[in-house]
Amino acid sequence: MGLLLFGVAKDIAGAALVGLPETVTNVAELKQWLYDRYPAMQQLSSLMIAVNREYATDTQIIRAGDEVAVIPPVSGG
Amino acid sequence: MGLLLFGVAKDIAGAALVGLPETVTNVAELKQWLYDRYPAMQQLSSLMIAVNREYATDTQIIRAGDEVAVIPPVSGG
Amino acid sequence: MQRYDRQTRLEGFGPEKQRLLQAASVLVIGAGGLGVPVLQYLTAMGIGKIGIVEHDTVSVTNLQRQVLYYTADQGKPKLALAATRLQQLNPEIQIVPHDTWLTTDNALDIIGAYDVVVDCSDNFGTRYLVNDACVIAGKPLVYGAIYKYEGQLSVFNYQGGATYRCIFPDAPESGEMLNCSEIGVLGVLPGIIGCYQANEVVKVITGIGTPLKNQLLTIDTLHNTHLTFNITPVAANQQITRLADNYQQTVCEVNNLQSLSVEELQQWLQQGDALQLLDVREDDEWEICHLPQAIHIPMGQVLGRVSALQPEAPLAVLCHHGMRSRAVGQRLVEMGFKQVYNVEGGIHAWACAIDDQMQTY
Amino acid sequence: MQRYDRQTRLEGFGPEKQRLLQAASVLVIGAGGLGVPVLQYLTAMGIGKIGIVEHDTVSVTNLQRQVLYYTADQGKPKLALAATRLQQLNPEIQIVPHDTWLTTDNALDIIGAYDVVVDCSDNFGTRYLVNDACVIAGKPLVYGAIYKYEGQLSVFNYQGGATYRCIFPDAPESGEMLNCSEIGVLGVLPGIIGCYQANEVVKVITGIGTPLKNQLLTIDTLHNTHLTFNITPVAANQQITRLADNYQQTVCEVNNLQSLSVEELQQWLQQGDALQLLDVREDDEWEICHLPQAIHIPMGQVLGRVSALQPEAPLAVLCHHGMRSRAVGQRLVEMGFKQVYNVEGGIHAWACAIDDQMQTY
């Protein structure tokens, strides 16, 4: 499973695409995994997660082969 | 098989997406089918055909499920 | 460098990329719909030397998309206006005006003096000339082109990559319907495509990101559809050694099929000339609106009912937007009709320009 | 209407859509990086009435992306400059200047007078205020935002569609690293995103094409990657009936973690103050470049070696770009360190601003 990172999430992780362990099976677990691996992401109060290009809530299942994206808000203008 | 049409090819066909008969099995046949169905397309001396987002020459095979695109040149600036 | 602070503090850019911009020279061919945003942003970002090839004056119909010009500028040369305003935006760069059209005589000389070329022209003749000159001179070519609501982008001849002729080998011949310049465009479309071109120029100069080498990006602004097509370099197209004798400007005529504007049609109808007006739209379209003088034969039935038409008298063919009528007109020319005219823009153009009471669809 | 000829003759647009543009009113919040192209193209295309909310003056660092302003304009109010130049582009439209920042006191009054709102602001406080006010006032909101080389676009609150809070429910709190305004941006990026915003405005007003309702479009200009994400309206977010008491401007500080610019760091080091400088980069990064005064402990080892640091003395944390150091600094604050500073921009910023002999990577 590939995880696409945008904005400051990409900066924190230092990569636009990172691998996701198979132990992550839903969005809530994904967020916990992100927070553990990248503590700075805990500071992001709003963090959109999308699974297969659809906005996903915490209970959304993540399956092998899904495309998962992490999209923080950006404020620049 | 779906055929995506761009630019003046879309205008000639009157649609951005048209169905393609299964009898069309390569790019040369596709062009002949286009010319028969839309005689005005015979006037287009350069007409890019792409199969699955790759530029395709006349001998390129077209299979069921392929995405085929017809892209004429455009000159506007 | 304070001016470029937002770029010099940008991760992955920094002072070193900024220095590359300032050391670079870019030639922008055309200061119209595409050229204006390209010039504005390249100037703002600090390209060291920007050449502009332009020989046109500002017309009122430019103003819905060429946002560098003012209403009071009508009739004045675009080149001088652009140079002046761009220098006001950024006096630290060099603007080099080339007060000419690009021709086979001057193309290699002009292009040879720059690092990167940006094609913002509006006709096929110039586009093929620019491509061939860039191949001969070994210059990367940032390509953008627009049609109605669609745009195309690529970076040609860059680090051994594909050229314009690798996608579209031959220039459209005079009469292909592609070049009728007056089809119309939504004002913001060249803004979008021109900004992408400026972005590709920066990528080519600085090496950041992935330029559109060997790729054609199509953008449909009505539906925000972005497709990237891979293209393959064709060696022969990379090995051009001389320009063609001429790069004919294509015009809106097909063999003996001639063009007729709706204004000309109105004049003919008012004068009561012996004109046959043939409307080839379908029955339901005819019901919505039609011209009372027209003979109505749907496109599919024309060849079977050709005996209803007089091959020696002038014949104007009309449809919704001028596309079907062009195909029918072409066929009638081939069948021996002597004076066949395609009504450009069809009955839609008539409704827009002549009769605003007419129902459109 | 001659001015709009290219649009009135455009298939699918025509005089009827042009009339809709001319009957419409659009409020543009911000005349900066995004606002400039939005304003230029909406003006050129002939929106009947355009309101501008802006209270800032032109600074030299604006000029690499805000192409409406001249170098000589530094220090002058953007609002008056924009209004004057836009009217020169198109004197046939009405420009309404709102010489203020948008606040909870004026937002509903200002927004209520327009058909469509375009968010070209540059901070979260304003973005959430604009969203909430548009929900309350029932106005479609064309959203654009940029970060480094990326942009986001959507059309919120349009025909029952999703709102900004349906994607990002809560405003980032003061101290989240998202709002540090000085991260930098490539000059042409707001040009691209602003032009897309202007295009969405036209679609909303005229009904052509498919606006980005219930969709978030992300654009990565480095690699020309365009992704469209579907979003779902959340009823509660569509039913806001009053503004929040305040929409706090977030700032670049995290709890007790403080920010330190590289210039401030240089000053401290020169003064020989009792500053601990902690570099948390990996070994190979340290090899490329480092400051001789630094203590080097890679990020993963800091917590295990925390006893090497003095919790009462000032401590500045440094990494490549200031991100890892922020996370480490935050953790040290939580552990009881009293004066922790994050070196903003990291050693890269140092190389850019202080020591251009330092090797970057």
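That block above? That's the structure.
As the structure is a computational prediction, the values presented were derived from the model and not from experiment. (Residues numbered from 1 in each chain as written. Chains lettered and ligands numbered in written order. Predicted model: local features only at pLDDT ≥ 70, side-chain atom pairs only at ≥ 80, totals over all residues. Heavy atoms only, no water.)

Participant: What's the story with the overall build of chain A in this structure? I'm lost.
Facilitator: Tallying secondary structure elements over chain A gives two helices and five strands in all. The N-to-C order of helical and strand elements in chain A reads β-α-β-α-β-β-β. Projected onto its principal axes, the C-alpha positions of chain A cover 35 × 25 × 20 Å. Approximately 3100 Å² of chain A is accessible, and the part contributed by carbon and sulfur atoms is 48%. (Helix = DSSP H or I, 4+ residues; strand = E, 2+ residues; numbered from the N terminus. Areas by Shrake-Rupley, 256 points an atom, 1.4 Å probe, with all protein chains shown as cover.)

Participant: Can you walk me through the packing of aromatic side chains in this structure?
Facilitator: Centre-to-centre distance and the angle between the planes together describe a pair of aromatic rings. Taken as a whole and assessed by the stated rule, the structure comprises 17 aromatic pairs over all chains. Between Trp33 of chain A and Tyr38 of chain A the ring centres are 6.4 Å apart and the planes differ by 90°, which places this aromatic pair in the edge-to-face class. The same class applies to Trp33 of chain A and to Tyr38 of chain A, which are both buried. Each ring, one from Tyr128 of chain C and one from Tyr164 of chain C, has its centre 4.7 Å from the other, and the planes form 50°; the classification is tilted. Placement of the pair is Tyr128 of chain C in helix H6 (residues 124-137) and Tyr164 of chain C in helix H7 (residues 164-167), with a sequence separation of 36 residues. In this structure Tyr128 of chain C comes out as buried when scored by relative accessible area, which is 0%. Taking the relative accessible area as the measure of exposure, Tyr164 of chain C reaches 1% and is therefore buried. Every member of this aromatic cluster is reached through a ring pair, and the members are Tyr128, Tyr143, Phe156, Tyr164 and Phe168 of chain C. A cation over a ring is seen here: Lys49 of chain C above Tyr114 of chain C, with NZ or CZ 5.0 Å from the ring centre. The residue whose ring lies beneath Arg85 of chain C is Tyr70 of chain C, and the NZ or CZ to ring-centre distance is 3.9 Å. (Phe/Tyr/Trp six-rings, centres within 6.5 Å; stacked < 30°, edge-to-face > 60°. Buried < 20%, exposed > 50% of the residue type's maximum accessible area, 1.4 Å probe, protein only. Lys NZ or Arg CZ within 6 Å of the ring centre and 35° of its normal.)

Participant: Can you help me understand the interface of chain D and chain C in this one?
Facilitator: Often the size quoted for an interface is simply the accessible area lost on bringing the parts together. Facing the 68 residues of chain D at the interface are 68 residues of chain C. Counting the surface lost from both chain D and chain C, the interface buries some 6400 Å², and carbon and sulfur atoms represent 57% of this. Summed over the shared surface of chain D and chain C, the number is two salt bridges. Seen at the junction of chain D and chain C, the total is 35 residue pairs in polar contact (both at pLDDT 80 or more). Looking at the side of chain D that touches chain C, the elements that each hand over two or more residues are helix H1 (5-8), helix H2 (14-23), helix H3 (35-45), helix H4 (78-89), helix H8 (189-206), strand S7 (215-220) and helix H13 (346-353) of chain D. For the side of chain D that touches chain C, the leading source of residues is H8 of chain D, giving nine residues. By residue class, the composition of the side of chain D that touches chain C is 31 nonpolar, 25 polar and twelve charged. (Contact = heavy atoms within 4.5 Å. Buried area = accessible area lost by both parts, 1.4 Å probe. Salt bridge = Lys/Arg side-chain N within 4 Å of Asp/Glu carboxyl O. Polar contact = N/O pair within 3.5 Å; in protein donor to acceptor, adjacent residues only side chain to side chain. Nonpolar A, V, L, I, M, F, W, Y, C, P; charged D, E, K, R; others polar.)

By themselves, these are just geometric observations and shouldn't be taken as functional.
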